[in-house]
Amino acid sequence: MDPTEPSELVLLLVKIGFLALLWGFVLVAVRAVRLDMFGPTQRQRRRQPVAARAPAPAGRPPARVRPPRQDPRPPPPAPPAADATPTRLVVTKGHLAGTTIPLGPEGITIGRAPDSTLVLEDDFASGRHARLVPHDGQWFVEDLGSTNGTFLNRTKVTSPMPVPLGAPVRIGKTVLELHR
């Protein structure tokens, strides 16, 4: 045996190390795909504090509501509505039907991500699916590059669009409306 050749034990340990590294990568990739498809587990949800809870009808879990974040990019300007100023966002269909969120001066992010203002438990919603933002007295809906799209009155949202009072905004199986 040549003294410069590694022993069989060293080669075996290197092989096992590479195999363990490969399996670690596979497990991390599977976890990332699982989180993207199904959202965080119950244990991960307990670790993250919930800022406020919107009241939900009896028999339904309450919606998790987070304080909105300011977005530096304003939507395109549009003429303000004459007499129709919405004051609340109402979930009319889906898992959180009946949930109401008061509208303030800042936007609302919608999706499965735990830091969204309205956290959806909808398999067809993306982590950061869409947002509603006020501009010049009117609210606009904007899709944030979601997989399944955001729809306003059955029209796919491809750029920020003004949302009239009572117009359905569909995200997966969830339908939202602006009300006074």
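Note that the structure is predicted; figures quoted are calculated from it, not measured.

### What to know about the overall build of the protein
Right, on to step 1. A count of helices and strands for the protein gives 2 helices and 13 strands.
Right, on to step 2. Out of the 180 residues belonging to the protein, those deemed buried represent 35%.
Right, on to step 3. Residue pairs at least 24 apart in sequence account for 46% of intrachain contacts in the protein once pairs closer than 6 positions are excluded.
Right, on to step 4. With the model as given, the accessible surface of the protein reaches about 11,300 Å², and the carbon-plus-sulfur share is 62%.

### Structural notes on the nonpolar core
Right, on to step 1. Leu89, Ile110, Leu118, Leu132 and Leu176 are the most contacted members of the largest nonpolar core, which has 22 residues in total.
Right, on to step 2. Elements with a minimum of two residues in this core: strand E3 (88–93), strand E5 (108–111), strand E7 (130–135), strand E8 (138–143), strand E12 (169–171) and strand E13 (174–179).
Right, on to step 3. When near neighbours in sequence (up to four residues on either side) are disregarded, Leu176 contacts Leu89, Val90, Val91, Thr92, Ile110, Leu118, Ala167, Pro168, Val169 and Ile171.

### What about the sheet that holds E3?
Sheets are built from strands paired through backbone hydrogen bonds, the pairs being either parallel or antiparallel.
Right, on to step 1. An order of E4-E3-E13-E12-E9-E10 is seen for the 6 strands of this open sheet, with the pairing classed as antiparallel. Edge positions in the open sheet fall to strand E4 (100–102) and strand E10 (155–156), since each of these has one partner strand only.
Right, on to step 2. Here E3 runs beside E4; their pairing, made up of 3 bridges, is antiparallel. The partner of Val90 across the bridge, within E4, is Thr100.

### So, a nonpolar patch on the surface
Right, on to step 1. Side chains of Leu19, Leu22, Trp23, Phe25, Val26, Leu27 and Val30 sit close together on the surface and give an oily, nonpolar patch of about 740 Å² of accessible area.
Right, on to step 2. Within the secondary structure layout, Phe25 lies in helix H1 (residues 8–38).
Right, on to step 3. Taking the relative accessible area as the measure of exposure, Phe25 reaches 58% and is therefore exposed.

### Topic: the pattern of salt bridges
Right, on to step 1. Per the stated rule, a full pass over the model turns up 2 salt bridges.
Right, on to step 2. Asp115 is paired through a salt bridge with Arg128; the nearest N and O atoms lie 2.7 Å apart. Of this pair, Asp115 sits in the loop between E5 and strand E6 (118–119) while Arg128 sits in the loop between E6 and E7; the two residues are 13 residues apart in sequence, bridging distant segments of the chain.
Right, on to step 3. On the basis of relative accessibility, which here comes to 28%, the residue Asp115 falls in the partly exposed class.

### A word on the UniProt feature "transmembrane region" (unreviewed entry) in the protein
Right, on to step 1. Mapped onto the present numbering, the UniProt feature "transmembrane region" (unreviewed entry) falls on residues 12–33.
Right, on to step 2. For residues 12–33, the helix share is 100%, the strand share is 0%, and the end-to-end C-alpha distance is 32 Å.

### Focus: the environment of Asp143
Right, on to step 1. Looking at the secondary structure, you find Asp143 in strand E8.
Right, on to step 2. Asp143 sits 12 residues away from Arg131 along the chain, and the two C-alpha atoms are 6.7 Å apart.
Right, on to step 3. Among the polar contacts made by the side chain of Asp143, one reaches the side chain of Ser146 at a distance of 2.6 Å.
Right, on to step 4. At a separation of 2.5 Å, a polar atom in the side chain of Asp143 contacts the side chain of Thr150.

Rules of the game
Residues numbered from 1 in each chain as written. Predicted model: local features only at pLDDT ≥ 70, side-chain atom pairs only at ≥ 80, totals over all residues. Heavy atoms only, no water. Helix = DSSP H or I, 4+ residues; strand = E, 2+ residues; numbered from the N terminus. Buried < 20%, exposed > 50% of the residue type's maximum accessible area, 1.4 Å probe, protein only. Contact = heavy atoms within 4.5 Å. Areas by Shrake-Rupley, 256 points an atom, 1.4 Å probe, with all protein chains shown as cover. Core = buried A, V, L, I, M, F, W, Y, C linked by side-chain atoms within 4.5 Å. Pairing = 2+ DSSP bridges. Patch = residues over 30% accessible without salt bridge, like charges linked within 9 Å, V, L, I, M, F, W, Y side chains within 5 Å. Salt bridge = Lys/Arg side-chain N within 4 Å of Asp/Glu carboxyl O. UniProt positions renumbered as here; feature names shortened; annotations may be inferred. Polar contact = N/O pair within 3.5 Å; in protein donor to acceptor, adjacent residues only side chain to side chain.

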